[in-house]
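The primary structure of each chain is shown beneath.
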Amino acid sequence: AVGRNDTVQELGLHYRGGTVYDGVQAFENLLLHNTTLLLLYLKSHVDDEGARAIANGLSHNSTLQTLYLNHCRIGDDGTIAIADALRHNGTLQKLYLNGNRI
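Just so we're clear, the structure is a prediction, and the values are computed from it rather than from any experiment.

## Thoughts on helix α3 (residues 76–86)
Here's step 1: If you check which residues of α3 are buried, you get Gly78, Ala81, Ile82 and Ala85. One face of α3 carries all of its buried residues, which in axial projection span an arc of 95°.

The following block contains the structure:
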């Protein structure tokens, strides 16, 4: 629903459970289809696989300006995927990866 929403500009999720890969796939779709979201805050247990999903969405997104992925479980592989996605993204201005496994 948020993926097709035309009013939400900021979205945050703080999840305390295990890895949220299924949820991250939803955020991949959000980044692929949403045209109004400016800020996405995910403080959760996103791992490298989840980071790759987010990176795929990010590489096609043209509106997101700020992405917080603090204190997740992202390692070198996930960070590289995000860095590669930024080559195709001209709108992201701020990326936060504090507290990850990098």
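## As for the pattern of salt bridges
Opposite charge on two side chains permits them to pair, given that their charged atoms come into close proximity.
Here's step 1: The tally for this structure, following the rule as stated, stands at one salt bridge.
Here's step 2: Among the ionic pairs, aspartate 84 bridges to arginine 87, the shortest N-O distance being 3.6 Å.
Here's step 3: Exposure remark for aspartate 84: the relative accessible area of 33% places this residue in the partly exposed category.
Here's step 4: In this structure arginine 87 comes out as exposed when scored by relative accessible area, which is 69%.

## Digging into unusual backbone geometry
Here's step 1: Positive phi outside glycine occurs at histidine 71, with the angle close to 55°.
Here's step 2: With respect to the secondary-structure elements, histidine 71 resides in the loop between β3 (66–68) and α3.
Here's step 3: With relative accessibility at 46%, the residue histidine 71 sits in the partly exposed group.

## Describing the packing of helix α2 (residues 48–60) against α3
Helices that pack against each other are described as a pair by the angle of their axes relative to one another and the distance between those axes.
Here's step 1: Closest axis-to-axis distance for the α2/α3 pair is 8 Å, and the angle between their directions is 0°. With respect to α3, the element α2 is oriented roughly parallel. Only Asp76, Asp77, Gly78, Ala81, Ile82, Ala85 and Leu86 of α3 make contact with α2, whose side of the interface consists of Asp48, Ala51, Arg52, Ala55, Leu58 and Ser59.
Here's step 2: For the contact of α2 with α3, a count of residues per class yields seven nonpolar, two polar and four charged.

## As for the environment of leucine 37
Here's step 1: Along the chain, leucine 37 falls in the loop between α1 (21–33) and β2 (39–43).
Here's step 2: Taking the relative accessible area as the measure of exposure, leucine 37 reaches 2% and is therefore buried.

## Description of the pairing of β2
Here's step 1: Judged by which residues are buried, β2 turns out to be one-sided: Leu40 and Leu42 face inward and are buried, whereas Leu39, Tyr41 and Lys43, on the alternate face, are not.
Here's step 2: The pairing of strand β1 (residues 10–14) with β2 spans five bridges and is classified as parallel. Note on β2: the bridge partner recorded for histidine 14 is lysine 43.
Here's step 3: Relative to β3, β2 runs parallel, the two sharing three bridges.

## Re the nonpolar core
As a rule of thumb, nonpolar side chains are buried together in soluble globular proteins.
Here's step 1: Judged by nonpolar contacts, the single largest core of 23 residues is most densely connected at Leu40, Ile54, Leu58, Leu64, Leu67 and Leu69.
Here's step 2: Elements that contribute at least two residues to this core include exactly α1, β2, α2 and α3.
Here's step 3: Residue contributions to this core peak at five residues, all from α2.

## Side note on the packing of aromatic side chains
Here's step 1: By the definition in use, this model includes two aromatic pairs.
Here's step 2: Consider the rings of tyrosine 41 and tyrosine 68, whose centres lie 5.4 Å apart with planes at 55°: the pair is tilted. Placement of the pair is tyrosine 41 in strand β2 and tyrosine 68 in strand β3, with a sequence separation of 27 residues.
Here's step 3: Between tyrosine 68 and tyrosine 96, the aromatic rings sit 4.4 Å apart at their centres with planes inclined by 5°, giving stacked as the arrangement. In this pair, tyrosine 68 is assigned in strand β3 and tyrosine 96 in strand β4 (residues 94–96), connecting sequence segments 28 residues apart.
Here's step 4: Classification of tyrosine 68 by relative accessible area gives partly exposed; the value is 22%.
Here's step 5: One aromatic cluster is present, built from ring pairs that chain together Tyr41, Tyr68 and Tyr96.

Calculation rules
- Sequence order sets the numbering: in each chain, residues are counted from 1 along the sequence as written.
- Local features in a predicted model are, by the rule used here, given only for residues with pLDDT of at least 70; side-chain atom pairs are given and counted only at 80 or more, and totals for whole chains, interfaces and linings are based on all residues.
- Note that the side-chain values use all heavy atoms of the structure and ignore hydrogens as well as water.
- Exposed residues in this analysis have more than 50% of their type's maximum accessible area, buried residues have under 20%, and partly exposed residues fall in between, with area computed by a 1.4 Å probe over protein chains only.
- Segments assigned H or I by DSSP are reported as helices when at least four residues long, segments assigned E as strands when at least two residues long, and all are numbered from the N terminus.
- This arc corresponds to the set of directions leading from the helix axis out to the C-beta atoms.
- In what follows, salt bridge is the name for a side-chain nitrogen of Lys or Arg lying within 4 Å of a carboxyl oxygen of Asp or Glu.
- Orientation is described by axes fitted as lines to C-alpha atoms, over the contacting stretch for helices, and by angles from 0 to 180 degrees between their N-to-C directions.
- Angle categories: roughly parallel below 35 degrees, roughly antiparallel above 145, roughly perpendicular from 65 to 115, and oblique for all the rest.
- Note on definitions: a residue-residue contact is assigned when non-hydrogen atoms from the two residues lie within 4.5 Å.
- Under the convention adopted here, Pro, Cys and the residues Ala, Val, Leu, Ile, Met, Phe, Trp and Tyr are nonpolar, Asp, Glu, Lys and Arg are charged, and Gly plus all remaining residues are polar.
- When DSSP finds at least two bridges between two strands, those strands are taken to pair.
- What we call a nonpolar core is a set of buried Ala, Val, Leu, Ile, Met, Phe, Trp, Tyr and Cys residues that are connected through their side-chain atoms within 4.5 Å.
- Only centres within 6.5 Å qualify two rings of Phe, Tyr or Trp (six-membered ring in Trp) as a pair; their planes then separate them into stacked at under 30 degrees, edge-to-face at over 60, and tilted for everything else.

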